[in-house]
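Structural overview for review
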Amino acid sequence: MNSDSPFPFHDLNLSLGTPTSSSLIVPKPEPIDDDAPPLDFSTPSPTAQSFNAIEEFNRISELFRTAFDQREGDAVPPLDLGPDALALVPVPAPETQIAAAAAPSSSRRYQPRSSELVRVLDLKPEDHGYFRENIRKTRMLFDSLRVFAIAEEEKMQMAAPGPHRKPRGDLKATGLMRQSGMWLNRDKRIVGEIPGISIGDVFFTRMELCMVGLHGHPQAGIDYVPASQSSNGEPIATSIIVSGGYEDDEDEGDMIVYTGHGGQDKHNKQVVHQKLESGNLALERSMNYGVEVRVIRGVRYGGSSVGKIYVYDGLYRIIETWFDIGRSGFGVYKFRLIRIENQAEMGSVVIKRAESLRTRPLEVRPRGYVSLDVSRKKENFPVFFYNDIDDDHDPMHYDYLVSTIFPPFVYNAGANTGCECVEGCTQDCFCAMKNGGEFAYDMHGTLVRGKPLVFECGPHCRCPPTCPNRVTQKGVRNRFEVFRSRETGWAVRSLDLIQAGSFICEYTGVVLTREQAQLFTMNGDRLIYPGRFGERWKEWGDLSQIFSDYVHPTYPSVPPLDFAMDVSRMRNVACYMSHSTIPNVFVQLVLYDHNNVSFPHMMLFAMENIPPMRELSLDYGVAEADETATKLAICN
């Protein structure tokens, strides 16, 4: 045990065998994500200045350009991608208490990876919650940086027409976070589960795996402590990536036959015999000592910048290794891995099931579906209704409302003016100015950062329907399912993978004035009060941990929301989302069909990457003692 740690760590360095000769460190190469540009780790030096909306946007833009531009003659420190950049893992210092262990400050710098092997044991529920929240906040910051970097690069490409590389905001985001000392799990090499990472968590790039410490190499398929760093002189494997790109691999889910590294050409064909060294020897030694390994699977996905996503599928044990002649006629080392029992269902299996449910729901789940579209074709995609618990069909008894109904006077307030961008909106158009000088979305419709209010182009604008400033008004882009939950009554999940910053749906209802709301309350009707929702939009796009003088947007400003929404007769899928103090969905106020800032639409966006079949949750802005009077009371 590590007596210096506040957590129960088992020191694996004490249980390994006697030292043997060290081996050459050569990682097993996996199919490369992309021809990625080199990272620039030059330190941004933002200057403080008085804030107004346009100046703030321009200032943040310049910070990114300063951080990401590679100037001629500047030496760019290389990213540590060598053989020693392997598994990552966090253990707080002995004097550090959980309550005080907040997200890393931007003053910290890149920390080399430790070679000390530990296993985390017997965490309490509050410890799990702490680590989960730390992972969540770190990934949210990464996604905020990634989206902002992509938006900045898109603007520069629009200003200079011609062929351009596909923006790789993930590389720039991980570079800035690495420079700021915000990569997690560097001070210990954790064997087994990484605290805060759950089976089924989805990662869009391998750099993100490195950042959180799940797998420590951006290209190698075997992550291990090299013999040169091991306490007993033997390499030990900690994780592998199974991408299905090698001719001798076999993947049956709970059982994997994994081919070792070495001897492959650029087309993943075996051209020479493999040797029992480096990653191959590390896997063999992990089998010998009974050290489990984490398995991450690469799954093809068109929405990713690299054509695939990475799903954490849990822990496996290596039970057998042998030398065999591969399909190409050359000798390869093979390793048989068996998944450890009593773990959550594999995320890759859930993703494949969700894919089947999108097209063949009744074949996959013959029992439980009450309706294959409670929206009655009002949404862009059908909204399933599933209940295999009881006979309650309550969601079928309401009129489905796609968009919020406002009182007629709302549309008469303010000038109904719009932009004149017949050929498409630019950064200096009228609607951009209303947003503070820049549009709120990137070219893919992803919200760059949360704001008090977003103005979209609307019916009074002359821009085409393809305008990138028309996002939420186009409706849902994913397939949702309302389902009966034993924990929350009714709940909502998506059959699609939702990327952080993406639009989900509108929270709809019939808007009531204060006087009308009082009458409805007297009649016993339950109402939604938009002004009470938590201001989680402030968390999305918050770059204060990277740039010390970052200021939260305060423009466009919105007066206190003094209206209620009746969902007792007309509602949509959003009404069935559960309340959570750690939500994965947030409310962004949006205007597009009128200019009355006192009555905005409540649009919902993803705070994080949400895997298929994972429940969606909102912060309804109520105290814990009052949770019984929130959404659940309305929808149940």
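Counting restarts for each chain: residues are numbered from 1 in the order of the written sequence. Reporting in this predicted model follows two pLDDT cut-offs: at least 70 for local features of residues, and 80 or more for side-chain atom pairs to be given and counted; totals over whole chains, interfaces and linings ignore these cut-offs and use all residues. Heavy atoms throughout the structure, all of them, feed into the side-chain values; hydrogens and water do not.

Examining the overall build of the protein
Which entries qualify depends on this criterion: Comment: elements are numbered from the N terminus, with helices defined as DSSP H or I runs of at least four residues and strands as E runs of at least two. Between buried and exposed lies partly exposed: a residue is buried under 20% and exposed over 50% of the maximum accessible area for its type, with that area taken using a 1.4 Å probe on protein chains only. For this analysis, residues touch if any pair of their heavy atoms sits within 4.5 Å. For every accessible area listed, the method is Shrake-Rupley and the probe measures 1.4 Å; residues are considered covered only by the protein chains on display.
Check the secondary structure of the protein and you find 10 helices and 26 strands. Out of the 636 residues belonging to the protein, those deemed buried represent 58%. Partitioning the contacts of the protein with sequence separation of at least 6, the portion at a separation of at least 24 is 75%. For the protein, the exposed area adds up to about 26,600 Å²; of that, 52% sits on carbon and sulfur atoms.

Points about the sheet that holds strand S18 (residues 503-506)
Inclusion rule: Only strands joined by at least two bridges in the DSSP assignment are considered to pair.
The strand order S15-S24-S25-S18 describes an open sheet built from four strands, whose pairing is mixed. Edge positions in the sheet fall to strand S15 (454-455) and S18, since each has one partner strand and no second. In the sheet, strand S24 (residues 585-591) pairs with strand S25 (residues 601-606) via six bridges, with the strands oriented antiparallel. If you follow Val-590 over to S25, its bridge partner there is His-601.

Quick look at helix H2 (residues 125-159)
Under the convention used in this document: A helix is expected to span 1.5 Å for every residue after the first.
Under the 1.5 Å per step criterion, the end-to-end length of H2 is 51 Å for 35 residues, consistent within 8% with the ideal 51 Å. With 26 of 35 residues buried, H2 lies mostly within the body of the structure.

Here's the deal with the packing of aromatic side chains
Stated formally: Between rings of Phe, Tyr and Trp, where Trp is taken as its six-membered ring, a pair exists when centres lie within 6.5 Å; planes separated by under 30 degrees are stacked, by over 60 edge-to-face, and by other angles tilted. Charge-over-ring placement is defined geometrically: NZ (Lys) or CZ (Arg) within 6 Å of the ring centre, and within 35 degrees of the ring normal.
Scanning the entire structure with this criterion turns up 15 aromatic pairs. For the ring pair Tyr-441 and Phe-605, a centre distance of 6.4 Å and an interplane angle of 20° mean the geometry is stacked. Separated by 164 residues along the polypeptide, Tyr-441 in the loop between helix H8 (430-434) and S15 and Phe-605 in strand S25 bring together distant segments of the chain. Note on accessibility: Tyr-441 and Phe-605 belong to one class, buried. Aromatic pair Tyr-507 and Tyr-620: ring centres 6.3 Å apart, planes at 80°, arrangement edge-to-face. Remark: Tyr-620 occurs in the loop between strand S26 (617-618) and helix H10 (631-635) and Tyr-507 occurs in the loop between S18 and strand S19 (510-512); sequence separation between them is 113 residues. Neither residue differs from the other here; Tyr-507 and Tyr-620 are each classed as buried. Connected via pairs of aromatic rings, a cluster forms that spans Tyr-441, Phe-503, Phe-586 and Phe-605. Arg-365 extends its terminal NZ or CZ atom over the ring of Tyr-386, reaching a point 3.9 Å from the ring centre. When the ring centre of Phe-483 is taken as reference, the NZ or CZ atom of Arg-493 above it lies at 3.8 Å.

Details of the nonpolar core
Applied cut-off: In this description, a nonpolar core means a group of buried Ala, Val, Leu, Ile, Met, Phe, Trp, Tyr and Cys residues linked to one another through side-chain atoms lying within 4.5 Å.
The biggest cluster of nonpolar side chains holds 56 residues, and the ones touching the most others in it are Leu-145, Met-177, Ile-197, Leu-214, Tyr-441 and Leu-447. Among the secondary structure elements, those contributing two or more residues to this core are strand S2 (117-120), H2, helix H3 (169-179), helix H4 (206-212), strand S10 (308-325), S24 and S25. By residue number, the principal contributor to this core is H2, which donates 10 residues. Contacts of Ile-197, omitting those with residues within four sequence positions, involve Arg-132, Ile-135, Phe-203, Val-212, Leu-214 and Tyr-312. Grouped together as the second largest cluster of nonpolar side chains are 42 residues, Cys-505, Phe-533, Phe-599 and Ile-610 included.

Digging into the sheet that holds strand S13 (residues 383-386)
Condition: In this analysis an axis means a line fitted to C-alpha atoms, helices contributing only their contacting stretch, and an angle means the value between N-to-C directions, from 0 to 180 degrees.
Taken in spatial order, the four strands line up as S12-S13-S16-S17 in an open sheet, and their pairing is mixed. Lying at the two open borders of the sheet, with one neighbouring strand each, are strand S12 (369-371) and strand S17 (489-494). Pairwise comparison of adjacent strand axes, ignoring direction, gives a mean angle of 30° for this sheet. The sheet contact formed by strand S16 (residues 480-485) and S17 spans six bridges and is antiparallel. Within the sheet, the bridge partner assigned to Ser-485 lies in S17 and is Gly-489.

Overview of the pattern of salt bridges
Threshold: Salt bridge, as used here: a side-chain nitrogen of Lys or Arg that lies within 4 Å of a carboxyl oxygen of Asp or Glu.
In the structure shown here, the tally under the stated rule is 36 salt bridges. A salt bridge links Lys-155 to Glu-438; the nearest nitrogen and oxygen atoms lie 2.5 Å apart. In this pair, Lys-155 is assigned in helix H2 and Glu-438 in the loop between H8 and S15, connecting sequence segments 283 residues apart. Taken as a pair, Lys-155 and Glu-438 share a single burial class, namely buried. Beyond isolated ion pairs, a larger network of salt bridges with shared partners links Glu-133, Arg-136, Lys-137, Arg-536, Glu-539, Glu-608 and Asp-619.

Things to note about the side chain of Asp-593
We count it as follows: In protein, a polar contact means a hydrogen-donor-capable atom and an acceptor-capable atom, both N or O and within 3.5 Å, with residues adjacent in sequence counting only if both atoms are side-chain atoms; elsewhere, any N or O pair within 3.5 Å suffices.
Among the structural elements, Asp-593 can be located in the loop between S24 and S25. Among the polar contacts made by the side chain of Asp-593, one reaches the side chain of Tyr-411 at a distance of 3.5 Å. Reaching out from Asp-593, the side chain makes a polar contact with the side chain of His-601 at a distance of 2.9 Å. Leaving out residues up to four positions away in the same chain, Asp-593 has contacts with Tyr-411, Pro-459 and His-601.

A look at empty space enclosed by the protein
For clarity, the threshold we go by: Site definitions follow a grid-based scheme: protein atoms alone, a 1 Å grid, a 1.4 Å probe that fits but cannot get out for cavities, and for pockets an open set with protein on both sides within 12 Å along at least five of seven lines, plus lining residues having an atom within 4 Å of a point. Grid points are joined across faces, edges and corners, and a volume is the space filled by probe spheres set on the points. By the convention adopted, Pro, Cys, Tyr, Trp, Phe, Met, Ile, Leu, Val and Ala count as nonpolar, Lys, Arg, Asp and Glu as charged, and the other residues, Gly among them, as polar.
The final tally for this structure, using the stated rule, is four cavities of 30 Å³ or more. Size it by volume and the largest cavity reaches roughly 200 Å³. Lining the largest cavity we find 19 residues, and of these Ala-151, Lys-155, Gln-427, Phe-439 and Tyr-441 sit closest to its centre. Looking at the lining of the largest cavity residue by residue, the class counts come to 10 nonpolar, three polar and six charged. Around the second largest cavity, the lining comprises 13 residues; the ones closest to its centre are Thr-417, Lys-434, Gly-458, Tyr-592 and Asn-595. When the residues that make up the lining of the second largest cavity are grouped by side-chain class, the tally is five nonpolar, five polar and three charged.

Observations regarding the pairing of strand S9 (residues 293-300)
With seven of eight residues buried, S9 is to be regarded as a mostly interior element. Pairing geometry for strand S6 (residues 236-242) and S9, over four bridges, is parallel. By the bridge assignment, Ile-241 is partnered in S9 with Ile-296. In the sheet, S9 pairs with S10 via seven bridges, with the strands oriented antiparallel. Bridging from a neighbouring strand, Gly-298 pairs with Tyr-310 of S10.

Quick word on the confidence of the model for the protein
Operational definition: Across the chain, each position has a pLDDT score giving the predictor's confidence in that residue, from 0 to 100.
Of all residues in the protein, 79% attain a pLDDT of 70 or more, and the chain-wide mean is 81. Of the regions scoring below 50 in pLDDT, residues 1-8 engages in 23 contacts with residues more than four places distant in sequence or in other chains. Note on residues 31-54: pLDDT under 50 across the span, and 67 contacts to partners over four residues away in sequence or across chains.

What about the environment of Val-402?
Tracing the backbone shows Val-402 in the loop between strand S14 (399-400) and H8. You can call Val-402 partly exposed: its relative accessible area is 33%. Along the chain, Val-402 and Met-570 lie 168 residues apart, while their C-alpha atoms are 9.4 Å from each other. Residue contacts for Val-402: discarding those within four places in its chain leaves Lys-378, Glu-379, Glu-506 and Thr-508.

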